[in-house]
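Residues per chain, in single letters:
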Amino acid sequence: MPNITLNKKVLEKLIGKKLSDDELQDRISMLGTDLQKIEGNEITVEVFPNRPDMLSEQGFARALSAFVGAKTGLKDYKVSKGGKDYQVIIQEPVKKVRPYTSCAIVKSLKMDGDSIKEIISLQEKLHITFGRNRKKLAIGIYPLEKIKLPITYTAKKPRNIKFQPLEASQEMDGLEMLQKHPAGREYAHLLEGKELFPVFIDSNDEVLSMPPIINSHKTGKVTEKTKDVFIECSGFDFKALNQCLSIIVTAMADMGGEIYSMALEGAGKNIITPSLVPEEKELDLKYINKMLGLELKESEIKTLLEKMGYGYRDKKVLVPAYRADILHPIDIAEDIAIAYGYENFEPEIPNVSTIGEEDEMSILKTRIANVLVGTGLIETSSYNLVNKDNHSAKMRNQAELVEVGNAVTKEYSCLRSWILPSLMQILSENTSREYPQEIFELGSAFHHDKAKETGVDEGQSLAIAICGADADFTRIKQMLDILMGATDKKYELKETNHNSFIKGRAASIMVYGQNIGILGELHPEVLSNFGIEMPAVGLELNISELHDLLKKGD
Amino acid sequence: MANDIKELVSKLHPLERKIMPLLRQSSVFSELVKKSGLKDIEVMRALQWLQSKEVLKIKEDVKEAITLGENGKKALEKGLPEKLFLESIKHKPRHMDDIEKETGLSRQEVNACIGLLKGKAAININAQRVISITNQGAAVLEKEGLEEALLKRISSEEMDIEAGKLKDEERFAFESLKKRKDMLKTVLKKEWHIILSSIGKKLVTMNLGSEKVIERLTPAMLKAGSWKNKEFRAYELKAKVPRVYRGKRHFVNQAISQAKKIWLEMGFKEMTGEMVQTSFWNFDALFTAQDHPVRDMQDTFFIKSPEKGKLPDKKLVDAVKHAHEDGWTTGSTGWQYEWKEEEAKKNVLRTHTTVLSARTLARLKKEELPAKFFAVGRCFRNETLDWCHLFEFNQTEGIVIDKDANFRHLLGYLKQFFKKMGYEKARFRPGYFPYTEFSVEIDIYHPVHKKWVELGGAGIFRPEVVKPLLRVDVPVLAWGPGFDRIILEFFKINDIRELYKNDLKQLREIKEWMR
């Protein structure tokens, strides 16, 4: 999630009220953004992805100044009608490639280094979050003095698109840009396989940009001399484009700019952007109070709504155009709660009668753990993700494991299919500790199983390992006796061959003729693979199957 | 002073009584062991006790000692390789290959022998690599070399020989054998010397031999009544006893048990379930858009094989699809994009226990309301392991499905839980999660560090989550704060990796969860 850095002095000026550091800290947190730090004049805040409108200093200040009561209510932004040529012509070819655009002109900006930085930073942050890394939408900003209106939005064969992109020394065609330009390479996947690439072109037939990749050096570079800008958002979701455009133009208006609308030709009837007309949502007073657990009056709710930058008129909430997160009335209810202050709610436990109930398998696992703890064993707890080599090769046992595709390291790239290897790993890391070492662990064992929803079966399993000079088959069989004695179930041992154990000293554990586990003396090669210089015995028991057998009864 | 010594004597352990007089004759540990006929450990224990009573001081002395290596043992049994070599050509010259076969020496050893023996002019070798013995060689074969003598001596001595105590000719043989592979091993040998204190010097001359006191009460004494009219030796009650360890549950599981108990007391039913889940349950059912960054490779573990799972019944899938695309019948606009089944089929390691809540909602029947559920379980995030990040961690999950539930109830349940876990102060801040609205960040107040500790999230499930799963729009309070930080605080652990390090020293010594 993006962090934004705010200048305290600028913020204070925008809010129109002076706040102490403590107050700032408290109010910023309680508004629903995560304050990272205040250092001198610099405030760093994490903005949650539902509030892209707060990604600029201006947008943040607007929300905060309403919240602290300095400037409450719906903020009015004037949109002037532009000249006849304030027009964007959307041509057919582009509708199959990148169908929508939403455009505006902002004039009389007083640009300096800081404000250019601010605009570029807002653009970048919107690209990453709201624009999903330019996949959903991309934004272009151009100095008006360098271009001639009206603008055409169309699509062309990449070889026929020719201009000098930003940060390049020469002209390139559309394909070259994807191959050679840094921004081209980074975002090439967004245009991959497309026959036509989208472009914005002005009336001099100069290319402005090839969205969502790069602007032209000639027509698409904002400098300190720039006063008036043309802004376009392009992408696949017209509603999101309008919200994005609203976020940008209102931030620019708060910087002193004047907003002018543009007519979109070829997009439908009389479409003019930006539209800063607030959306009206019915207010259901009963619903709001029910969800909050409060009894607020309409007038109180109106005040609270205004603290969050909404307007309220005739039982209708006026949602600012730059708010992209109001999907449902519950979203308004939450804002009312934030305005009321989470700290002001009285926590309450309602009088609702329900019966607590522990999961059967959890109960069985706790019982088994208690039996084993009673014998002096120590419970361990390891990761479900394991190193494939430890799990298979070191155990002299090849199992088909469930593998993770994108693990950071190979140490944790597979899900364990039994727990004993984890215990061997623990023993190998504790060779300097006192012997005997007697440990057990309960957990999941992962196996491929096509019948399951995910193709993976997760049975519950128990492993015991006893390591020390006197660890022998008798010792581990005694443990099994204790365990099965506790369940009051008879078991039989059947000699088995398993590469992890010494031949003739390993047996399957049979209950009602069903094989539910294995025990034996670990093979010396296994011990040596793990660097253990003490004999060890081990046991692995399928607790899921044991559970089912216990339910069956005698 | 006299009284002190008397008391000291009365409390002496039988082992101490046995060792003290021997100190008149020797001050070396190994000799004391021999003379006393006791085990090493018994003598050492007695000496350590005496040291703690300031009777004596134990001084450790480390020396280099020599023992035979693998090849040294072989040479002692069969003869040195050069002797075997000479023996094989004693009667007639032989080709090098034949010598190798005859003696069983390796090619490397044969080559080494040739080098060595040529240097002593003991053999001749011709162009066909046939080797014959010289007179000088015959003499070498007859005579016992210095090396052999040393090997014999080392093996015959009961104890390892100290390198510093070799005679000059032995030293020569030692140096030459040392250069050869695995002939000799030098080990560091510890010896302890005893220095008596002034009390010790007095004690050593005293007669300690009073055997009339009872050391250990035996069944025989009880049977015969022979303990009567005798005294029991007074123990040194403050002396340390050997440490024994108890069996115990892993400390993380102790804390989890406590959390479970609290939820059960509050009337919650436990949810359990798989760690491998389809994206459908982990994300889509929780209204997390398919292009949401959390679904990227760098945050979530995706399963390579089996890569995809099955989706649940069509009715539910359609409802979820529409909730995403246009809000379905929930009164929401949805996320306004095209939802894809294939994306939902991808298997992941669950990123939160909230997946269990989603599944529970889908199973729940209207008649079962109101209902409360909890879970404590492992979750996964694709992160590099460091002192504050784990790729596997615990969450404690809870949901309350109740038509009258509200925001204040959410805060009430959470406050109660943390109070019972030992945190009187909990703070709630606005947060953001795609599947809740209201969204809450929970902080608890660290009573020692005096600062707020962030634990994670809670909220009320969005209608876009609840209605497709439950078929009715009922408020569902939900939370899933992280659990590991609470454990860290209680056990005073600073590095989160120590939770699952399984260091037996830590596991044996760590305190019990008592809160």
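In this text the structure is predicted, and so the values were computed from the model without any measurement. (Residues numbered from 1 in each chain as written. Chains lettered and ligands numbered in written order. Predicted model: local features only at pLDDT ≥ 70, side-chain atom pairs only at ≥ 80, totals over all residues. Heavy atoms only, no water.)

As for the overall build of chain B
Phase 1 of the analysis: In terms of regular secondary structure, chain B is built from 22 helices and 16 strands.
Phase 2 of the analysis: A globule of 515 residues ought to have a C-alpha radius of gyration of about 24 Å, yet chain B, at 40 Å, is considerably larger.
Phase 3 of the analysis: If one aligns the C-alpha atoms of chain B with their principal axes, the spans along those axes are about 110 × 90 × 45 Å.
Phase 4 of the analysis: Taking all contacts inside chain B whose residues are at least 6 apart in sequence as the whole, residues at least 24 apart take part in 69%. (Helix = DSSP H or I, 4+ residues; strand = E, 2+ residues; numbered from the N terminus. Rg over C-alpha atoms; globule rule 2.2 N^0.38 Å. Contact = heavy atoms within 4.5 Å.)

Notes on the domain arrangement of chain A
Phase 1 of the analysis: According to the domain assignment, chain A consists of domain 1 (3-67), domain 2 (79-273), domain 3 (279-342) and domain 4 (360-552).
Phase 2 of the analysis: Between domain 1 of chain A and domain 4 of chain A, the C-alpha centre-to-centre distance is 54 Å. (Domains from an automatic or database assignment.)

Considerations on the interface of chain B and chain A
Phase 1 of the analysis: Facing the 96 residues of chain B at the interface are 86 residues of chain A.
Phase 2 of the analysis: Both sides of the chain B and chain A interface together cover about 7800 Å² of buried area, and 55% of this is carbon and sulfur.
Phase 3 of the analysis: On the chain B side of the contact with chain A, Arg408(B), Pro430(B) and Phe438(B) bury the most area, a combined 9% of that side's loss.
Phase 4 of the analysis: At the junction of chain B and chain A, the tally comes to nine salt bridges.
Phase 5 of the analysis: In this structure, Glu453(A) and Arg359(B) form a salt bridge, with 2.4 Å as the shortest nitrogen-oxygen distance.
Phase 6 of the analysis: The element that contributes the greatest number of residues to the side of chain B that touches chain A is helix α19 (residues 407-420) of chain B, accounting for eight residues.
Phase 7 of the analysis: Grouping the constituent residues of the side of chain B that touches chain A by class yields 38 nonpolar, 27 polar and 31 charged. (Buried area = accessible area lost by both parts, 1.4 Å probe. Salt bridge = Lys/Arg side-chain N within 4 Å of Asp/Glu carboxyl O. Nonpolar A, V, L, I, M, F, W, Y, C, P; charged D, E, K, R; others polar.)

Quick notes on the domain arrangement of chain B
Phase 1 of the analysis: Partitioning chain B into structural domains gives domain 1 (2-61 + 189-210), domain 2 (68-183) and domain 3 (253-501).
Phase 2 of the analysis: Its C-alpha centre places domain 2 of chain B at a distance of 76 Å from the equivalent point of domain 3 of chain B.

Some details on the nonpolar core
Phase 1 of the analysis: Ranked by internal contacts, the top residues of the largest apolar core, which has 161 residues, are Leu64(A), Ile231(A), Ile336(A), Phe438(B), Trp479(B) and Leu499(B).
Phase 2 of the analysis: When residues of this core are assigned to their parent elements, the largest contribution, ten residues, is made by helix α8 (residues 238-254) of chain A.
Phase 3 of the analysis: Setting aside chain neighbours within four positions, we find Leu64(A) in contact with Leu11(A), Ile15(A), Leu24(A), Arg27(A), Ile28(A) and Leu31(A).
Phase 4 of the analysis: Counting 35 residues, the second largest nonpolar core, distinct from the first, contains Leu327(A), Ala285(B), Tyr337(B) and Leu361(B). (Core = buried A, V, L, I, M, F, W, Y, C linked by side-chain atoms within 4.5 Å. Buried < 20%, exposed > 50% of the residue type's maximum accessible area, 1.4 Å probe, protein only.)

A few points about the pattern of salt bridges
Phase 1 of the analysis: In this structure the tally under the stated criterion is 69 salt bridges over all chains.
Phase 2 of the analysis: Here Asp21(A) ties to Lys8(A) by a salt bridge, and the two come within 2.8 Å at their closest N and O atoms. Within this pair, whereas Asp21(A) is found in helix α2 (residues 21-30), its partner Lys8(A) is found in helix α1 (residues 8-15), the two being separated by 13 residues in sequence.
Phase 3 of the analysis: The salt bridge partner of Lys53(B) is Glu16(B), with a shortest N-O separation of 2.9 Å. Here the residue Lys53(B) occupies a position in the loop between α4 (40-52) and β1 (56-68), and Glu16(B) occupies one in helix α2 (residues 14-22), the gap between them amounting to 37 residues. In this pair, the class of Lys53(B) matches that of Glu16(B), namely buried.
Phase 4 of the analysis: One continuous salt-bridge network, built from bridges that share partners, spans Asp34(A), Arg427(B), Arg429(B), Asp443(B) and Glu454(B).

Let's talk about the sheet that holds strand β5 (residues 161-162) of chain B
Residue and element names in this part refer to chain B.
Phase 1 of the analysis: Strand order in the open sheet formed by three strands is β5-β1-β6, and the pairing between neighbours is antiparallel. The sheet is open, and its two edges are formed by β5 and β6 (184-196), each paired on a single side.
Phase 2 of the analysis: The pairing of β1 with β6 spans 13 bridges and is classified as antiparallel. Considered in β6, the bridge of Ile 58 is made with Ile 194.
Phase 3 of the analysis: Against the sheet, α4 contacts β1 and β6, and its axis sits at roughly 150° relative to β1. (Pairing = 2+ DSSP bridges. Axes fitted to C-alpha atoms, helices over the stretch in contact; angles between N-to-C directions.)

Describing unusual backbone geometry
Where the residue is not glycine, phi is negative for most of them; where a peptide bond is considered, it is trans in most cases.
Phase 1 of the analysis: Cis geometry is adopted by the peptide bond preceding Pro274(A), which originates at Thr273(A) and carries an omega value of -5°.
Phase 2 of the analysis: A cis geometry characterises the amide bond from Ser305(B) onward to Pro306(B), with omega recorded as -5°.
Phase 3 of the analysis: Looking at the secondary structure, you find Pro306(B) in the loop between β9 (303-305) and α16 (314-325).
Phase 4 of the analysis: The phi dihedral of Asn133(A) is positive, around 60°, even though this residue is not glycine.
Phase 5 of the analysis: Its location among the elements puts Asn133(A) in the loop between α5 (113-128) and β7 (137-143).
Phase 6 of the analysis: Despite not being glycine, Arg396(A) has its phi angle at roughly 55°, a positive value.
Phase 7 of the analysis: Position of Arg396(A) relative to the elements: it lies in the loop between α13 (388-391) and β23 (402-404).
Phase 8 of the analysis: Look at Arg396(A) and you get partly exposed, because its relative accessible area is 25%.

A look at the environment of Ala362(B)
Residue and element names in this part refer to chain B.
Phase 1 of the analysis: Looking at where Ala 362 falls in the secondary structure, it is placed in helix α18 (residues 354-363).
Phase 2 of the analysis: Judged by relative accessible area, which is 30%, Ala 362 ranks as partly exposed.
Phase 3 of the analysis: Sequence separation of Ala 362 and Glu 170 is 192 residues, and the distance between their C-alpha atoms is 86 Å.
Phase 4 of the analysis: If we skip the residues at most four places from it in the chain, Ala 362 touches Trp 281, Leu 316 and Leu 469.

A few points about the packing of aromatic side chains
Phase 1 of the analysis: This structure, assessed with the given rule, holds 30 aromatic pairs over all chains.
Phase 2 of the analysis: For the ring pair Tyr153(A) and Phe200(A), a centre distance of 4.4 Å and an interplane angle of 15° mean the geometry is stacked. Highlighted residues: Tyr153(A) in strand β8 (residues 151-156) and Phe200(A) in strand β11 (residues 197-201), separated in sequence by 47 residues. The pair Tyr153(A) / Phe200(A) is uniform in exposure class, with both members buried.
Phase 3 of the analysis: Aromatic rings pair up to connect Trp263(B), Phe268(B), Tyr413(B), Phe417(B), Phe418(B) and Trp479(B) into one cluster.
Phase 4 of the analysis: Here Arg62(A) stacks its cationic end above the ring of Tyr322(A), 3.9 Å away from the centre of that ring. (Phe/Tyr/Trp six-rings, centres within 6.5 Å; stacked < 30°, edge-to-face > 60°. Lys NZ or Arg CZ within 6 Å of the ring centre and 35° of its normal.)

Side note on a nonpolar patch on the surface
Residues and elements named next belong to chain B.
Phase 1 of the analysis: Together, Leu 217, Leu 222, Trp 227 and Phe 232 make up an exposed nonpolar region whose accessible area comes to about 390 Å².
Phase 2 of the analysis: Structurally, Leu 217 can be placed in the loop between α12 (198-205) and α13 (219-224).
Phase 3 of the analysis: Here Leu 217 falls in the partly exposed class, since its relative accessible area comes to 42%. (Patch = residues over 30% accessible without salt bridge, like charges linked within 9 Å, V, L, I, M, F, W, Y side chains within 5 Å. Areas by Shrake-Rupley, 256 points an atom, 1.4 Å probe, with all protein chains shown as cover.)

Let's talk about the packing of helix α3 (residues 29-36) of chain B against α4(B)
All names here are of chain B.
Phase 1 of the analysis: Where α3 meets α4, the axes come as close as 9 Å, and the angle between the chain directions of the two elements is 115°. Crossing of α3 against α4: the hand is right-handed. Residue-level contacts link Phe 29, Leu 32, Val 33 and Ser 36 of α3 to Asp 40, Val 43, Met 44 and Leu 47 of α4.
Phase 2 of the analysis: Looking at the contact of α3 with α4 residue by residue, the classes come out as six nonpolar, one polar and one charged. (Left-handed = near helix turned anticlockwise from the far one by under 90°.)

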